[in-house]
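# Structural characterization, general
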Amino acid sequence: MTHYSALSLVAKAFSGHRSWSRAWRDPVPKPAYDIVIVGGGGHGLATAYYLAKEHGLRNVAVIEKGWLGGGNTGRNTTIVRSNYMMPGNTMFYERSLRLWEQLSQDLNFNQMVSQRGQFNLCHSPASLDAARRRGNVMRANGIDAELFSREEVMRRLPYLDYSDDARFPIIGSLFQPRAGTVRHDAVAWGYARGADALGVDIIQQCEVTGFILERGAVVGVETSKGPIRAKKVGTAVSGHTGYLAAKVGLRLPLETHVLQAFVTEPLRPMIDSVISYAAAHFYISQSDKGDLVLGGDLDGYNTYAQRGGLPLVEHTFASAKALIPSISRLRLMRQWGGVMDMTMDGSPIICKSPVDGFYINGGWCYGGFKATPASGYCFAWTLAKDEPHPDNAEFTLDRFRNGYQIDEKGMGPTPNAH
Ligand SMILES: Cc1cc2nc3c(=O)[nH]c(=O)nc-3n(C[C@H](O)[C@H](O)[C@H](O)COP(=O)(O)OP(=O)(O)OC[C@H]3O[C@@H](n4cnc5c(N)ncnc54)[C@H](O)[C@@H]3O)c2cc1C
């Protein structure tokens, strides 16, 4: 891995930035690998990194049809947190947050981890009770959580609408101080550089179009650059999980939907935390550049198109204005969408599939960015050892058959989404 001194950085700046070495190689695919990971988003790249780092498996390739991080990893609103309460989820997401906390050092790549805290606003005695219960479960598991009164929220977030005719009254908030944001591109690039340095081949502009099956087992992938054999194939393709799994004959309990995000023109520091406004399906934070980054609920129809419809734009901004009236004076700069695979219980799938040689990482719904490090860590474990890590033991496909679901979605899309 190349390290640059301050002097050489200055020299490169004055020489027109022409002599940088590549952060990762651009290899020609080998005919065969021990493990092929489909999808060069954060999850696929993290999986490859931990396969090499934790399990010494370096004959590994990541196959990406576009460019690294061009899927949801580069399209999300970058919020990380571990305020989950269902057994199965709680310690998985807390593992992820702990990995985030040391990831810049681990990868020697600044991830811009900003633990600015997240508010989940409460609007009724029932929602305050639910927040109290969630906070207690978190604290019982060693996860940070505080319950704020209306007065404390008013002191910390003075720009929200607390008037008598506010659309939803704010009566308190659950707050996780260690939640925050992480720079999404840096996550893809940091894991890619780390995996490449350990010998992983990262192959971009190469689409997996099918699978090589022998005696009912997956033994490789068909790609736009030709067939590649592998002892094991893992998919980490976000909204395309169901589509690819169908090619090995699996029908997964997933629906693909689009989720949109928005940024406003930049302004001076105003919002120093992440705010979730559950009642109106809305959340917001402010980027280091100053723009407000915000989002809402899913577009309600199934699609693989990475763009959303106008009704959700209107809905999101009506909610924005209801919560922060002054936002109506800002201009919207950009809007985009990403496709995500929604499970019926809101929790992910990380497991060996019923088809030999085929492993699944998917079903991340609205909230897989925060899971990236733990997802990679646990998927690598599952691929290397052929058994789940204790933290992904419950993220099975079987749970949709036997009814032991991890129904964290029941809290509504926004408190636990994003
Ligand atoms: C607008 C929006 C906001 C979000 N906000 C948050 C948030 O604030 N916090 C949070 O935790 N989560 C958030 N999410 C969810 C989060 O972005 C995703 O769950 C997460 O990034 C998924 O990562 P991934 O690596 O699995 O998928 P991706 O980053 O989508 O990577 C999958 C890759 O697979 C590639 N691929 C697909 N098919 C093939 C194929 N056949 N062959 C080869 N390659 C293929 C794609 O090109 C893509 O690069 C948000 C999502 C969106 C869209």
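Residues numbered from 1 in each chain as written. Predicted model: local features only at pLDDT ≥ 70, side-chain atom pairs only at ≥ 80, totals over all residues. Heavy atoms only, no water.

The domain boundaries assigned to the chain delineate domain 1 (26–79 + 85–109 + 184–254 + 345–402) and domain 2 (113–181 + 255–343). Taken over C-alpha atoms, the centre of domain 1 sits 28 Å from the centre of domain 2. Facing 32 residues of domain 1, the contacting portion of domain 2 comprises 32 residues. Here domain 1 packs against domain 2, burying approximately 2800 Å² in sum over the two surfaces, 56% of which is carbon and sulfur. Area buried by domain 1 at its contact with domain 2 is led by Arg-75, Met-85 and Tyr-366, which between them contribute 26% of it. Linking domain 1 to domain 2 there are 2 salt bridges. Here Arg-178 makes a salt bridge to Glu-101, at a shortest N to O gap of 2.9 Å. Secondary-structure elements contributing two or more residues to the side of domain 1 that touches domain 2 are α3 (90–107), α7 (241–246) and α10 (399–402). (Domains from an automatic or database assignment. Contact = heavy atoms within 4.5 Å. Buried area = accessible area lost by both parts, 1.4 Å probe. Salt bridge = Lys/Arg side-chain N within 4 Å of Asp/Glu carboxyl O. Helix = DSSP H or I, 4+ residues; strand = E, 2+ residues; numbered from the N terminus.)

Between its terminal C-alpha atoms α3 stretches 25 Å, which fits the 26 Å expected from 18 residues at 1.5 Å a residue. Considering bend angle alone, the principal kink of α3 is centred on Glu-101 and spans about 45°. Looking at the buried residues of α3, the elements they touch are α2 (42–55), β3 (79–80), β6 (172–176), α6 (184–197), β17 (349–352) and α9 (372–385). The first or second residue beyond α3 is Asn-108, which carries a positive phi of 50°. (Expected span 1.5 Å × (residues − 1). Bend = angle between axes of the 7 residues up to and from the residue.)

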